[in-house]
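# Close look at the chain arrangement
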Amino acid sequence: MTALVIRSAQDAIAAVPYLLGFHPSRSLVVIGFESAASGTCAIRLDLPSLEAAERVAALLAGNGFRRSLLLGYGPDDEVRESAAAMRAALDSSGVPVAEAVRVADGRWWSLTCTENCCPAEGVPYDSSASVVAAQATFDGQVVLADRAELVRSVQPLDGPVRAAMREATERAETRLLSRPDDPEEPEESVAFIHALLARTGAPPTDDEVAWLGVLLTDLRFRDEAWIHIDEDAPAADIAFWRDIVRRVGEPYVPAPASLLAFAAYSAGDGGLANVAIERALDADPAYSMAVILREVINAGIPPSKLRLRMTPDQLATAYYNQQRRAG
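Residues numbered from 1 in each chain as written. Predicted model: local features only at pLDDT ≥ 70, side-chain atom pairs only at ≥ 80, totals over all residues. Heavy atoms only, no water.

### Some points on the pattern of salt bridges
Note the cut-off: Salt bridges, as used here, are contacts in which a Lys or Arg side-chain nitrogen is within 4 Å of a carboxyl oxygen on Asp or Glu. The secondary structure listing takes helices from DSSP runs of H or I that are at least 4 residues long and strands from runs of E that are at least 2 residues long, numbered from the N terminus. Under the scheme applied here, a residue whose accessible area is under 20% of the maximum for its type counts as buried, over 50% as exposed, and between as partly exposed, the area being computed with a 1.4 Å probe on protein chains only.
All told, the structure shown has 12 salt bridges when counted by the stated rule. Among the salt bridges present, the one from Arg 67 reaches Glu 34, with a minimum N-O distance of 3.5 Å. You can see Arg 67 sitting in strand S3 (residues 67-73) and its partner Glu 34 sitting in strand S1 (residues 27-35), a full 33 residues away along the chain. Overall, the relative accessible area of 34% leaves Glu 34 in the partly exposed class. For Glu 208, the salt bridge goes to Arg 199, with nearest N and O atoms at 2.8 Å. Judged by relative accessible area, Arg 199 falls into the partly exposed class, the value being 36%. Here the residues in one salt-bridge network are Asp 206, Asp 243 and Arg 247, joined through shared partners.

Below, the structure written as structure tokens:
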């Protein structure tokens, strides 16, 4: 979901890399718009995408989108076949396709015009010169070369960084095992998380990252970090949790990767949210927060409906009451 304004096929071509976070290839991109509640939604499918047409159409219709655009990236015959199936499904679901285009090599071809409305060689475009690109750049949005680069952006750092983090993780695990049973310890851990999330400037040290990773295995502390994500302006949270995901040891990946996914989805960055969820589920296929976020994204639930609206005091009270009931 995003605030980018799309008024033409060329606007859509310029917007797609910013909506996805990367330049697509061998893809069909479906953009839903004219929804008062959900803004604009972009869904990318690998080609061929025939089997997904009914599901995507139902998703957009169910979330109140009234019109759509299709953009295909790939061989002409493959794009046309997938676009035709998607267009039929969208039209029958009440989300008519305003335009469908094939994009390749700096040119685009309309798949909807029935007469000679497009030259055989396609219509050239320059996305970098568009208002959409200027708006996205001004907003600080970054486009990666392809999805593979996006996946690499959440993969573990290696070399000296990884060696240092292994040592820091061992120290954190030793600290956890030797920690006395102190009733004030939860408050100290919450204070540590608050201080780390509030700090600006210097990134967390290896020992701070390792200790945070250990603490986040406790859902109480994971949820504390969760409610501190700024859903209105999550850029700083995205940068923070991406750094944590890349530095923590593999057993400690699920929580920060899920928090990164939530922050990214809050920003409308479904591409980053998806690869972060994949990273979490690779480490723990049953991690509940990642499983729930995957279901939310697959259902097309907009970020505006995911807002937690919980304060730290409310969270503390909820856990206190939970402990009383358990006791």
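### Description of the packing of aromatic side chains
When we look at a pair of aromatic rings, we describe it by the centre distance and by the angle of the planes. Put simply, the rule is: Centres within 6.5 Å make a pair out of two Phe, Tyr or Trp rings, where for Trp the six-membered ring is used; the pair is then stacked when the planes are under 30 degrees apart, edge-to-face when over 60, and tilted otherwise. Note on criteria: charge over ring means Lys NZ or Arg CZ within 6 Å of the ring centre, with the direction from the centre no more than 35 degrees off the ring normal.
A complete count under the given rule lists 2 aromatic pairs for this structure. On the numbers, 4.9 Å between centres and 90 degrees between planes, the contact of Phe 240 with Trp 241 is edge-to-face. In this pair, the class of Phe 240 matches that of Trp 241, namely buried. The ring of Trp 109 carries the charged tip of Arg 102 above its face, separated from the ring centre by 5.0 Å. The ring centre of Trp 211 lies 3.8 Å from the NZ or CZ of Arg 175, which sits over that ring.

### Some words on the sheet that holds S3
Across a sheet, strands are paired by hydrogen bonds formed along the backbone, either parallel or antiparallel in direction. Keep this limit in mind: Being paired, for any two strands, means DSSP has found at least two bridges between them.
Taken in spatial order, the 6 strands line up as S2-S1-S3-S4-S5-S6 in an open sheet, and their pairing is mixed. Among the strands making up the open sheet, the edge pair consists of strand S2 (39-46) and strand S6 (123-124). Sheet analysis places S1 next to S2, joined by 7 bridges and oriented antiparallel. Of the residues in S2, the one forming a bridge with Ser 35 is Gly 39.

### Side note on the packing of helix H2 (residues 53-62) against helix H3 (residues 76-92)
Defined as follows: All axes here are fitted lines through C-alpha atoms, helices being fitted over the stretch that makes contact, and every angle between N-to-C directions spans 0 to 180 degrees. Here a crossing is taken to be left-handed if its near helix is turned anticlockwise relative to the far helix by less than a right angle, and right-handed if that turn runs clockwise. Should any heavy atoms of two residues lie within 4.5 Å, those residues are considered in contact. Under this grouping Gly is polar, as are all residues other than the nonpolar Ala, Val, Leu, Ile, Met, Phe, Trp, Tyr, Cys and Pro and the charged Asp, Glu, Lys and Arg.
Interaxial distance between H2 and H3 falls to 8 Å at its minimum, and their mutual angle equals 40 degrees. Both H2 and H3 take part in a crossing whose hand is right-handed. Residue-level contacts link Ala 53, Glu 54, Val 56, Ala 57 and Leu 60 of H2 to Ala 85, Met 86, Ala 89 and Leu 90 of H3. Of the residues in the contact of H2 with H3, the class split is 8 nonpolar, no polar and 1 charged.

### Observations regarding the nonpolar core
The following threshold applies: In these notes, a set of buried Ala, Val, Leu, Ile, Met, Phe, Trp, Tyr and Cys residues joined through side-chain atoms within 4.5 Å is what counts as a nonpolar core.
Membership of the largest hydrophobic core comes to 71 residues, with the highest contact counts inside it found for Ile 31, Leu 71, Leu 212, Trp 241, Leu 259, Leu 260 and Leu 272. In terms of residue count, helix H11 (residues 254-266) provides more of this core than any other element does, 9 residues in total. Dropping the residues within four chain positions of it, Leu 272 is found in contact with Leu 150, Ser 153, Val 154, Ile 238, Arg 242, Leu 260 and Ala 264. In terms of nonpolar packing, the next biggest core, distinct from the first, is built from 23 residues, Val 56, Leu 59, Leu 70 and Val 95 among them.

### So, the side chain of Asn 63
Heads up, the rule is: Here a polar contact is taken to be a pair of N or O atoms separated by no more than 3.5 Å, where protein atoms must pair a possible hydrogen donor with a possible acceptor and residues adjacent in sequence count only if both atoms sit in side chains.
Residue placement: Asn 63 occurs in the loop between H2 and S3. Among the polar contacts made by the side chain of Asn 63, one reaches the main-chain carbonyl oxygen of Leu 59 at a distance of 3.0 Å. Within the structure, Asn 63 has its side chain in polar contact with the backbone oxygen of Ala 299 (distance 3.5 Å).

Functional significance is not addressed by these values, which are geometric in nature.
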